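Working through the structure, step by step
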Amino acid sequence: LFPGVRQAQWLTKTKLVEGLPPAVQGIVDNPAHGLQELEERAKHAVSHARLWDTAEVAPRREKYCPVLFENLIHICRLMSGKYPSLSKRMLARNCRIAATWERESILLQIRGLSGILMNSMTPIPPVASKEEILATKEHVLETFYPIAPTIDLQEVNVYKELNDTGQCFADGYPYSHPHTLFFLESANVRTDRFRPEQLRAKMLMFAFGNALAKAKALHGNDPKVLEQPVVVQSVGTDGQLFQFMVFQLNTTDLVSNDGVKNLVWIDSDQNLYEKAQCVPEVKKRVVTKPAGISGFQPDTFKKFLALYLHGTV
């Protein structure tokens, strides 16, 4: 999506709120959850991914980005001792999603791989109150006139209008609720990676797609304002910079710009650390910069962990 999040907002009939919703930020700020006790483990997770888990002088992004993700997820799972319901989660890879909707007079469809999808036995509760949802009626969606909001979308012949949550949610699958999508932009060449703004747009579209497909599976295809909104989270990273997102699907009535809008909260461009010095810098036989991780940001790690805990604590 060339214009990024603004275009994704129009396509999904969504109002943007900057920052994390209070339900998630409250987990970050509450010392009772003990997130600060895992900060040292998180530092070691970064050092392991960037410095230790390789025989190379400096690991490539396509190597350290997935390793860092697995390390952080492992730390999150340690919280299941304190919160046993966290064990009712499952990570699924290569799940396909298909969702179809009409926007004004345009039939739109999102299809493809959903990144790494964490599923849960129970849905995330709504993060916006009914009053906040009703207040979105007053929100005016940005237009791109005279540019069409579908300018860079691929035009294809649609022979079947699919709304499918994929094989991850086959009948009888116990982890039937999408919880959090993870997108790893691990290409080593910068031009092969999504830029942060385009990554956030991708995160929004796929969070919306998963929420819409789930809502239609639960409530049918008739456009309506949902009594029980569907919440899907998303995290994107290139192995250093993180994007955090919480999406709430309030309505499947997407044709018109009027009425209730969907909501998305985005916390953008959060560095987990400033720099990884893989080899020491030496000048005149004196080490001027030792190898190591500098500028570790504990709040970024806490936000990652808070999104994992959301819906449980």
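For the chain, the name recorded in an unreviewed UniProt entry is Large ribosomal subunit protein mL37, with Dicrurus megarhynchus as its organism. For the record of the chain, the UniProt heading Sequence similarities (unreviewed entry) holds the text "Belongs to the mitochondrion-specific ribosomal protein mL37 family." As recorded by UniProt, the Subcellular location (unreviewed entry) comment attached to the chain reads in full: "Mitochondrion".

1. Topic: the overall build of the chain
Along the chain, the regular secondary structure elements total 7 helices and 13 strands. The C-alpha radius of gyration of the chain comes to 20 Å, within 12% of the 20 Å expected for a compact globule of 313 residues. Across its three principal axes, the chain shows a C-alpha extent of roughly 70 × 45 × 35 Å. Relative to its 313 residues, the chain shows a buried fraction of 50%. As presented, the chain carries roughly 15,400 Å² of accessible surface, and 51% of it is formed by carbon and sulfur atoms.

2. Some points on the sheet that holds strand β9 (residues 262-271)
Spatially, the 7 strands line up as an open sheet ordered β1-β9-β8-β7-β6-β5-β2, and their pairing is mixed. Every other strand in the sheet has two partners, leaving β1 (14-18) and β2 (89-93) as the edge strands with one partner each. On average, adjacent strands in this sheet sit at an angle of 20° to one another, irrespective of strand direction. As defined by bridge partners, β2 adjoins strand β5 (residues 116-120) across 5 bridges and the pair is classed as antiparallel. Its bridge partner being in β5, L91 is matched across the sheet by M118. Contacting β2, β5, β6 (177-184), β7 (225-237) and β8 (241-251), helix α4 (residues 61-77) runs over the sheet at an angle of about 145° to β6.

Reading the values: rules and limits
- Residues numbered from 1 in each chain as written.
- Predicted model: local features only at pLDDT ≥ 70, side-chain atom pairs only at ≥ 80, totals over all residues.
- Heavy atoms only, no water.
- UniProt positions renumbered as here; feature names shortened; annotations may be inferred.
- Helix = DSSP H or I, 4+ residues; strand = E, 2+ residues; numbered from the N terminus.
- Rg over C-alpha atoms; globule rule 2.2 N^0.38 Å.
- Buried < 20%, exposed > 50% of the residue type's maximum accessible area, 1.4 Å probe, protein only.
- Areas by Shrake-Rupley, 256 points an atom, 1.4 Å probe, with all protein chains shown as cover.
- Pairing = 2+ DSSP bridges.
- Axes fitted to C-alpha atoms, helices over the stretch in contact; angles between N-to-C directions.
- Contact = heavy atoms within 4.5 Å.

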